[in-house]
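A closer look at the structure
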Amino acid sequence: MKSNITMIGMPSSGKSTIGVLLAKRLGYSFVDVDIVIQEKEGRLLKEIISTEGMDGFLAVENRVNAGLDVKKSVIAPGGSVIYGAEAMEHLKEISEVVYLKMSYEEMEKRIGNVVDRGVALKDGMTLRDLYNERVPYYEKYADIVIDEEGMTPGDTVDALREILEEKIRLEQ
Ligand SMILES: Nc1ncnc2c1ncn2[C@@H]1O[C@H](COP(=O)(O)OP(=O)(O)O)[C@@H](O)[C@H]1O
Ligand SMILES: O=C(O)C1=C[C@@H](OP(=O)(O)O)[C@@H](O)[C@H](O)C1
Ligand SMILES: [Mg+2]
């Protein structure tokens, strides 16, 4: 198995929440790439989006993810990372990619204020458009898919640990 795990999925699917729990459970480090971007840029994500525009933000996100140099880590990038070809090529190379699959209805309930969260919603795009546009990318890049329907964060972490341990067993 590759030495890292990357969480992908819609904003609010739990990449950060589940990611940190999984890292603790596996004894891995945890890297929230949104925080790495803010530290490198010295600005909040929503400030980057408001000054550089959506494409500017996506370019920064692509560059930072493509340059990640970590080992034995659970990586939680932002939900928009799948638009970055170089980022995804790199993440596929260094990690097992886990897609946290959630329904549109659940995302709408969880997501809260889209602007404050800094979701990369292009002009004129609805949340539903964003959902439909992104699902095929998440599916394409996923090595492992977890459907969150009816699962608590604890259930998801347990399910993931089982899948990952089975993967390791099969490789031995
Ligand atoms: N079953 C669940 N699985 C994951 N997150 C959940 C679940 N139910 C509620 N949540 C909440 O949804 C939010 C997920 O946010 P976050 O981890 O920041 O997601 P992301 O990093 O994917 O944007 C958290 O507030 C978390 O507590
Ligand atoms: O999906 C998105 O468009 C985004 C999700 C955010 O991260 P989370 O997925 O962790 O919420 C953050 O990277 C950025 O504001 C854009
Ligand atoms: Mg996150």
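See the structure above.
Residues numbered from 1 in each chain as written. Chains lettered and ligands numbered in written order. Predicted model: local features only at pLDDT ≥ 70, side-chain atom pairs only at ≥ 80, totals over all residues. Heavy atoms only, no water.

Turning to the site of ligand 2, a few remarks are in order. Around ligand 2, the surrounding shell holds 14 residues, and the nearest of these are K15, D34, G118, A120 and R134. Within the backbone of S80, a nitrogen or oxygen atom sits 3.3 Å from an oxygen atom of ligand 2. Taken by itself ligand 2 offers 380 Å² of open surface, and the protein chains cover 95% of this. At a threshold of 2 Å from the grid points, most atoms of ligand 2 map onto the largest pocket. No other element matches helix α3 (residues 45-66), which puts three residues into the shell around ligand 2. By residue class, the composition of the shell around ligand 2 is five nonpolar, four polar and five charged. (Near = heavy atom within 4 Å. Polar contact = N/O pair within 3.5 Å; in protein donor to acceptor, adjacent residues only side chain to side chain. Areas by Shrake-Rupley, 256 points an atom, 1.4 Å probe, with all protein chains shown as cover. 1 Å grid on protein atoms, 1.4 Å probe; cavity = no way out; pocket = protein on both sides within 12 Å on 5 of 7 lines; lining within 4 Å. Sits in = over half its atoms within 2 Å of the grid points. Helix = DSSP H or I, 4+ residues; strand = E, 2+ residues; numbered from the N terminus. Nonpolar A, V, L, I, M, F, W, Y, C, P; charged D, E, K, R; others polar.)

On to the packing of helix α1 (residues 15-26) against helix α8 (residues 153-171). For any two helices packed against each other, the geometry is given by the interaxial angle and the distance between the axes. Contact pair α1 / α8: the axes reach a minimum separation of 10 Å and the direction vectors enclose 50 degrees. In terms of axis orientation, α1 runs oblique to α8. By crossing handedness, the relation of α1 to α8 is classed as right-handed. Where α1 abuts α8, its residues I18, L21, L22, R25 and L26 lie against P153, T156, V157, D158, L160, R161 and L164. Counted by class, the contact of α1 with α8 contains eight nonpolar, one polar and three charged residues. (Axes fitted to C-alpha atoms, helices over the stretch in contact; angles between N-to-C directions. Parallel < 35°, antiparallel > 145°, perpendicular 65-115°, else oblique. Left-handed = near helix turned anticlockwise from the far one by under 90°. Contact = heavy atoms within 4.5 Å.)

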